[in-house]
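# Survey of secondary and tertiary structure
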Amino acid sequence: MLFEITQEDVLFLASPLTFDPSVVEIFVALSSGASLLVVPTSVRVLPSKLAAVLFSHHRVTVLQATPTLLKRFGSHLIKSTVLSASTSLRVLALGGEAFPSLTVLKNWRGEGNKTQIFNIYGITEVSSWATFYRIPQEILNSTLKCELPVQLGFPLLGTVVEVRDTNGFTVQEGNGQVFLGGRNRVCFLDDEMTVPLGTMRATGDFVTVKDGEMFFLGRKDSQIKRHGKRLNIELVQQVAEELQQVESCAVTWYNQEKLILFIVSQEDLVKDYIFKELQKHLPSHAIPDELVLIDALPFTSHGKIDVLELNKIYLNYMNLKSDCKLNGKEQLWEKLQHLWKSILSLPEDPLTIPEESLFLPSGGDSLKSIRLLNEVESLVGVSVPGLLEIILSSSILEIYNHILQTVFPDEDLPFSKSYGIKRKFSDISQEETSGKSLHQKSVMPLNCDNVTSAFIALNRGSQILSLNATGFLTKPGHCPSACSSDLISQNNIQNVKSVNPPPITEKSEKPSCVAKVSEEEKPVLGAEKLELRVRWRSDTGKCVDASPLVIVPAIDKSSATVYIGSHSHRMKAVDLYSGKVKWEQILGDRIESSACVSNCGNFIVVGCYNGLVYVLRSNSGEKHWVFATQDAVKSSATMDPTTGLLYIGSHDQHAYGLDIYKKICVWKLKCGGTVFSSPCLSLTPHHLYFATLGGLLLAVNPATGDQVWKHFCGKPLFSSPRCCLQYICIGCVDGNLLCFTHFGDQVWQFSTNGPIFSSPCTSVAEQEIFFGSHDCFVYCCNMKGHLQWKFEATSRVYATPFAFQNHNCSDETLLAAASTDGKLWILESKSGQLQSVYELPGEVFSSPVVWESVLIIGCRNNYVYCLDLLGGNKK
């Protein structure tokens, strides 16, 4: 056997099962009795951790990989661990991409390394490997510089290799394309039913034949014509890789007009120096148009360079490039003002932005905050840690000072932070924190341990919770098995079950005191199966970005109530069927937090921009208790029905466990970043999950507040985590939906083409996950991270979808989704087929909630809407 593998060897399964070299790795191990090491994704993505697992813990002896995958370790780690003198690695086989130059290969090897290194070549169409070449040890150990590329080597047993010119004639000397085949090396492609024995497949790879040896020139699509001359762009990459300062690099021919060199380096590179070095070794027509410094090369699931992702990086780089670079700190204030106006679409007038201006109240949102972050970092030329959280919570003056501290750390600031206009949370009125109501008195007893209400609570994302109502429940399992704490999926809790909402007899009287529906609100023609029609709308005075909480009492199901707040500081309780306002409470600042109900049903809990968490009586709105954090609370609370504790996060970077009956904070945990999204609770294991804008996903002990584990996702997490029986899923602004086990191991990630602010929603049987992306699509994946379908909306999808049973068709499950342009979409959940669409007269950032045939959602035109879902055939 080529590698002389025995049962003492350990092979690393480096290739995913969708990449044909994985078949080689699996069957080489099986046929020889060797061990096959399978590593979770959470380890694979961390080079230092992966190196320790492979070469320290498990002593891997055989590694097959693409050069790109090897480069991810970095030259230092390769030399000190992978190819060190004491490494366990006996065989390194590199294939799937152009083999590194001998100069690069020698630089990677530690002194005294004895690893056998192979260049392997092949294509999927002839079942992976076709040729091999072992680099002689004398060449690897030689100190002489070798300019020659590494040859492709010799055909494997039963393999035929030919080099043909453009006319199809065999080339004995010179350049041509490689063709591979063999009497028994046949694969069926696409719709092929029969393939003649001896079929030769074109590879698209070009080589030069010299003295009977083949040397790789490049892919067909790597040949470009630039400045009137033909160029192989892989030549540029090979030359750049040999520069000592370059850790790894890649080259793209962007839009067939610009040659872009992407470089990863651990050193502070000066672009002029790199260009000068390239000019020494490359012809003038091969010098790149642009050099872009990046933290790491993106690669596909098969371990190859992801060219599409590189093009996206360059496009973003160009979009964020400032017309005029910053010339010292004197220009920073002026430039920051310009960016502020530009991103918020404010008029470009000579007036200065007031120092106390806050980004979000000035018209900003989550996506615009990331744009401002990227623009600022592009302007100053360095990363500014913690800036995103400052943008979201502080004044423009404090943003300016924060940037100065990073860019000019050794100089005195021209402005003092003490002049900032950040809210003084210590100045909150005595009445606010005392729990005394500004309005009416409550008739409910304060001891709610003995006074409980039976009810069903519905929150965004198909979160459905039934409490204290065992006689009220119908057959479980017919609607999404998730609630604000994801507890209905846990079968070991008797009073917490997934329910199919029982039929409710709608009130016959027409709502007389509800605002008249405007003609601006209209169904969109073309939707035939279902119709959405406005039942009522209720004016809140300002934008409604919060999502509704719907409470359906057991004793009087027709008196269901919608609880929702708005930017007008108003918290409202509205009758679900009539739209009549039951009560209204004015809180201290704008409300984006969605309400949560207590386990006794007598209180609702909501966060506020003034840093307070309000506990209000559900029947009257009277304040029962007010808890103060140190910054804005946009997170929505989660309730633990096993203990009655409530959990919530704050922009003060802390998570809190609250006992609203004893009116105490049970625990407080510093999370290492702003907590914007809402926590998620699992009963088995009993974990509480928080996500931060610093990119951390944390698992917490709900009883003590102690951290169980954490995972750094790399980018801000605006999406709320969603957990089911096996996994936790969360969206990230890098466009990925991430899936973890309850023990913190990453299972898979699914990539979209835009940031994900939408929170995931699971199907009835927890077999599918639904979510939206800023790429304007609604996605459905299975629990293995495979796409089931995607639906293209007409704008970004910020809201969380809601899966529900069709009230008129018992065996059909539907999905409600909303795009920011105000459109509500009703989709068939299994296929993504459009059932109905309705357009509201304003932007929508609120998430829909559905009870039976009624949908509730907030809109930025200041109204809360209730719509009937009409049509469909009953079965």
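### So, the overall build of the protein
Per the secondary structure count, the protein includes 15 helices and 51 strands. When burial is assessed residue by residue, the protein has 58% of its 875 residues classed as buried. In the protein, of all internal contacts separated by at least 6 residues, the share reaching a separation of at least 24 is 54%. On the protein, roughly 37000 Å² of surface is accessible, and the fraction owed to carbon and sulfur atoms is 51%.

### So, a nonpolar patch on the surface
Taken together, the side chains of Val-23, Phe-27 and Leu-30 make up a nonpolar region of the molecular surface, amounting to roughly 330 Å² of accessible area. Following the sequence through the fold, Phe-27 ends up in helix α1 (residues 21–32). Of the residues examined, Phe-27 reaches a relative accessible area of 53% and is grouped as exposed.

### Concerning the nonpolar core
Counting 42 residues, the largest nonpolar core has Leu-458, Leu-576, Ile-826, Leu-855, Ile-857 and Leu-867 as the members making the most contacts within it. Ranked by the residues each element gives to this core, the list is headed by strand β51 (residues 863–870), at six residues. Not counting chain neighbours up to four residues away, the residues in contact with Leu-458 comprise Gln-463, Ile-464, Pro-548, Leu-549, Val-550, Val-552, Phe-802, Val-849, Val-850 and Trp-851.

### Remarks on the side chain of Thr-66
The topology assignment puts Thr-66 in the loop between β3 (62–65) and α4 (67–71). Of the residues examined, Thr-66 reaches a relative accessible area of 4% and is grouped as buried. Those residues in contact with Thr-66 that sit more than four places away from it in its chain are Phe-19, Leu-94, Gly-95, Gly-96, Glu-97, His-302, Gly-303 and Lys-304.

### Focus on the confidence of the model for the protein
On average, the protein scores 81 in pLDDT, and the residues at 70 or more come to 82%. In the model, residues 413–431 has pLDDT below 50 throughout and makes 40 contacts with residues more than four positions away in sequence or in other chains. Across residues 470–519, confidence stays below pLDDT 50; counting only partners more than four residues off in sequence or on other chains, it has 131 contacts.

### Points about the state of the cysteines
The final tally for this structure, using the stated rule, is zero disulfides. Free cysteine: Cys-732, not disulfide-bonded; nearest cysteine sulfur from Cys-713 at 5.9 Å. Judged by relative accessible area, Cys-732 falls into the buried class, the value being 0%.

### Re the pairing of strand β28 (residues 623–628)
When you tally the buried positions in β28, you get five out of six residues, the bulk of the element. Across five bridges, strand β27 (residues 612–617) lies against β28 in antiparallel orientation. Bridge pairing in β28 links Val-615 to Trp-625. Hairpin geometry of β27 and β28 is characterised by an intervening segment of five residues between the two adjacent antiparallel strands and by a positive phi of about 85 degrees at Gly-621.

### With respect to α1
An α-helical turn contains 3.6 residues, so a residue and the one three or four places further along point in the same direction. Helix length check: α1 (12 residues) gives 17 Å between terminal C-alpha atoms against 16 Å at 1.5 Å per residue, within 8%. For α1, the set of buried residues is Pro-21, Ser-22, Val-24, Glu-25, Val-28, Ala-29 and Ser-32. In an axial view of α1, the angular spread of the buried residues amounts to 160 degrees, which keeps them on one side of the axis. In α1, the exposed residues that point more than 90 degrees away from the buried face are Phe-27, Leu-30 and Ser-31.

### Overview of the sheet that holds strand β22 (residues 561–565)
Pairing is antiparallel across the open sheet formed by six strands, whose spatial order is β18-β17-β21-β22-β23-β24. Among the strands making up the open sheet, the edge pair consists of β18 (463–467) and β24 (581–586). Adjacent strand axes in the sheet meet at a mean angle of 15 degrees when their direction is disregarded. Summarising the sheet, strand β17 (residues 455–459) and β18 pair through five bridges and their orientation is antiparallel. Bridged to Ile-456 within β18 is Ser-466.

### Comments concerning the packing of aromatic side chains
The full count for this structure, using the stated rule, is 25 aromatic pairs. Pairing Phe-627 with Tyr-656 gives two aromatic rings, centres 5.2 Å apart and planes at 70 degrees, and the pair type is edge-to-face. Linking Phe-627 in strand β28 with Tyr-656 in strand β31 (residues 654–659), this pair joins segments that are 29 residues apart in sequence. Across this residue pair, the class does not change: Phe-627 and Tyr-656 are buried. Members of the aromatic cluster, each reached through a chain of ring pairs, are Phe-676, Phe-718, Phe-757, Tyr-798 and Phe-845. Positioned above the aromatic ring of Phe-777 is the side chain of Lys-790, whose terminal nitrogen or guanidinium carbon lies 4.4 Å from the ring centre.

### Focus on the pattern of salt bridges
Here the structure, examined in full by the defined rule, presents 13 salt bridges. A salt bridge links Glu-241 to Lys-71; its shortest N-O distance comes to 2.2 Å. One end of the pair, Glu-241, is in helix α8 (residues 233–241); the other, Lys-71, is in helix α4, with 170 residues separating them in the sequence. The partner of Lys-823 in a salt bridge is Asp-821, with the nearest N and O atoms 3.5 Å apart. By relative accessible area, Lys-823 is classed as buried at 14%.

### Here's the deal with the sheet that holds strand β15 (residues 258–264)
Read from one edge of the open sheet, three strands run β14-β15-β16, paired in mixed fashion. At either end of the open sheet lies a strand with only one pairing partner, and these are β14 (248–254) and β16 (290–293). Strand-to-strand, the axes of this sheet are offset by a mean angle of 25 degrees, without reference to chain direction. For β14 and β15, the ladder comprises seven bridges, and the chain directions are antiparallel. If you follow Ala-250 over to β15, its bridge partner there is Phe-262. The sheet contacts of α8 involve β14 and β15, and relative to β14 the element is tilted by about 155 degrees.

### Topic: helix α3 (residues 47–57)
Leu-50, Ala-51, Val-53, Leu-54 and Phe-55 are the residues of α3 that are buried. Viewed end-on, α3 has its buried residues packed into an arc of 165 degrees, placing them on one side of the element. Among the exposed residues of α3, those pointing more than 90 degrees away from its buried face are Ser-48 and His-57. In this fold, the buried residues of α3 make contact with β1 (10–12), β2 (35–37), α2 (41–44), β3 and α5 (75–82). Looking one or two places after α3, you find Arg-59, whose phi comes out positive at around 50 degrees.

Scoring rules and cut-offs
Residues numbered from 1 in each chain as written. Predicted model: local features only at pLDDT ≥ 70, side-chain atom pairs only at ≥ 80, totals over all residues. Heavy atoms only, no water. Helix = DSSP H or I, 4+ residues; strand = E, 2+ residues; numbered from the N terminus. Buried < 20%, exposed > 50% of the residue type's maximum accessible area, 1.4 Å probe, protein only. Contact = heavy atoms within 4.5 Å. Areas by Shrake-Rupley, 256 points an atom, 1.4 Å probe, with all protein chains shown as cover. Patch = residues over 30% accessible without salt bridge, like charges linked within 9 Å, V, L, I, M, F, W, Y side chains within 5 Å. Salt bridge = Lys/Arg side-chain N within 4 Å of Asp/Glu carboxyl O. Core = buried A, V, L, I, M, F, W, Y, C linked by side-chain atoms within 4.5 Å. pLDDT = per-residue confidence, 0-100. Disulfide = S-S within 2.5 Å. Pairing = 2+ DSSP bridges. Expected span 1.5 Å × (residues − 1). Arc of directions from axis to C-beta. Axes fitted to C-alpha atoms, helices over the stretch in contact; angles between N-to-C directions. Phe/Tyr/Trp six-rings, centres within 6.5 Å; stacked < 30°, edge-to-face > 60°. Lys NZ or Arg CZ within 6 Å of the ring centre and 35° of its normal.

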